[in-house]
Amino acid sequence: MSDPLWLADVLRAEGLRVLEHDGWRDRGHGDFADIRGVLCHHTAGGGENDWRIVQYGRPDLPGPLAQLVLERDGTYRVIAAGVCWHAGRGSWPGWPTDNANYHVIGIEAVSRGDGSDWTPVQLDAYKRGCAAILRHLGRDAGDCVAHREYSSEGKIDPAGIDMPAFRLDVQALINRNPGGTTMALEETFVNFRGDTVTLGTAIRYIDEYVCELREQVGGPIPLKGWPQLGDRTLVDAVAAIGAELGIDGFSDVARVQK
């Protein structure tokens, strides 16, 4: 089985924000044998530079240490496509004993490691990311495993997450879109330049463009209105029309200007 070069596209298709680190497709300690699931970790740091340790390693262990880093704001950093040193020794039904690194994708979620600092957006992205990966692999939530559940070396991560409840939520997300997104991402179309591109590539370009705009403006991208709609966005214009007509559920704060 080839390495998971689809990671970024599959996560984006789930509506998640993704940052691709330079060289991630060629980074790793060799190739996967096959991929059977996801192993969930915490970084035990909690800072904005935790990803550096995951990518570059520690004095006692060379990086990369996981394929993905999940930031506290719900952003996924794609670190590597090859095998990473994250699992250690342990076992789980259907996984090779003491050899999971060559068979599972590791997610290092940024956290102090005491279970007290998870953010709602991070936990939501954790579940959605696991669901997207497992759906793509044709696996269910039974292959979404905490490091502490797998490990025979006393690991505690990800601390504070109830994994049976977590897996129930992951399975519900998998079931919500049982057909998956793989084929749609591989479908091609002709863009406005006349180039034939895949949907996955188009999503990546759009995401990169939006990220660049956010950096330029230093925050959320301001929405611009249409002159024909009184400088309103299309959504605001519809809301205003609905309010003017007295339709239940439409906001009455944006009346149509006369």
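Residues numbered from 1 in each chain as written. Predicted model: local features only at pLDDT ≥ 70, side-chain atom pairs only at ≥ 80, totals over all residues. Heavy atoms only, no water.

> Just to check I follow, could you spell out the nonpolar core for this structure?
Nonpolar side chains in soluble globular proteins tend to be buried together. Tyr-126 and Ile-133 are the most contacted members of the largest nonpolar core, which totals 39 residues. For this core, the secondary-structure elements that each account for two or more residues are helix H1 (7–13), strand S2 (37–42), strand S5 (68–70), strand S6 (76–78), strand S7 (104–109), helix H3 (120–137), strand S8 (144–146) and helix H5 (163–176). Ranked by residues supplied to this core, first place goes to H3 with eight residues. Residues in contact with Ile-133, not counting those within four places in the same chain, are Trp-6, Leu-7, Val-10, Leu-11, Val-38, Leu-68, Ile-105 and Ile-107. Judged by nonpolar contacts, the second largest core, of nine residues, contains Trp-51, Val-54, Leu-65 and Ile-79. (Core = buried A, V, L, I, M, F, W, Y, C linked by side-chain atoms within 4.5 Å. Buried < 20%, exposed > 50% of the residue type's maximum accessible area, 1.4 Å probe, protein only. Helix = DSSP H or I, 4+ residues; strand = E, 2+ residues; numbered from the N terminus. Contact = heavy atoms within 4.5 Å.)

> Sorry, what's going on with H5 here?
An α-helical turn contains 3.6 residues, so a residue and the one three or four places further along point in the same direction. Taking 1.5 Å per residue, 14 residues should reach 20 Å; H5 reaches 20 Å between its end C-alpha atoms and fits that length. Every buried residue belonging to H5 is among Met-163, Phe-166, Arg-167, Val-170, Leu-173 and Ile-174, and all of these are buried. Each buried residue of H5 lies within a common arc of 120° when the element is viewed along its axis, so the set occupies one face. Exposed residues pointing more than 90 degrees away from the buried face of H5 are listed as Pro-164, Leu-168 and Arg-176. Summarising the contacts, the buried residues of H5 are in contact with S2, H3, S8 and helix H4 (147–150). (Expected span 1.5 Å × (residues − 1). Arc of directions from axis to C-beta.)

> Would you take a moment to explain the sheet that holds strand S1 (residues 18–20) for this structure?
By way of backbone hydrogen bonds, the strands of a sheet pair with one another, either parallel or antiparallel. If you walk across this open sheet you meet the six strands as S1-S6-S5-S7-S2-S8, and the pairing is mixed. The two strands at the open ends of the sheet, each matched to only one other strand, are S1 and S8. Across the sheet, the axes of successive neighbouring strands diverge by a mean angle of 25°, strand direction being ignored. Direction of pairing for S1 relative to S6: parallel, over a ladder of three bridges. Its bridge partner being in S6, Val-18 is matched across the sheet by Tyr-76. Where H3 meets the sheet, it contacts S2, S5, S6, S7 and S8, and its direction lies at approximately 160° from that of S2. (Pairing = 2+ DSSP bridges. Axes fitted to C-alpha atoms, helices over the stretch in contact; angles between N-to-C directions.)

> Help me understand the packing of aromatic side chains in this model?
What describes a pair of aromatic rings is the distance from one ring centre to the other and the angle between the planes of the rings. Evaluation of the coordinates by the stated rule reveals five aromatic pairs. Linked through ring pairs, Trp-118, Tyr-126 and Phe-166 together constitute an aromatic cluster. (Phe/Tyr/Trp six-rings, centres within 6.5 Å; stacked < 30°, edge-to-face > 60°.)

> What is the right way to look at unusual backbone geometry in this model?
Leaving glycine aside, a negative phi is the common case for residues, and trans is the common case for peptide bonds. Between Gly-63 and Pro-64 the backbone carries a cis peptide bond, its omega angle lying at 5°. Its location among the elements puts Pro-64 in the loop between strand S4 (61–62) and S5. Here Asp-157 and Pro-158 are connected by a cis peptide whose omega angle stands at -5°. Relative to the helices and strands, Pro-158 is located in the loop between H4 and H5. Backbone geometry at Ala-44 places phi at a positive 65°, although glycine is not the residue there.

Limitation: the analysis is restricted to geometry and does not speak to function.
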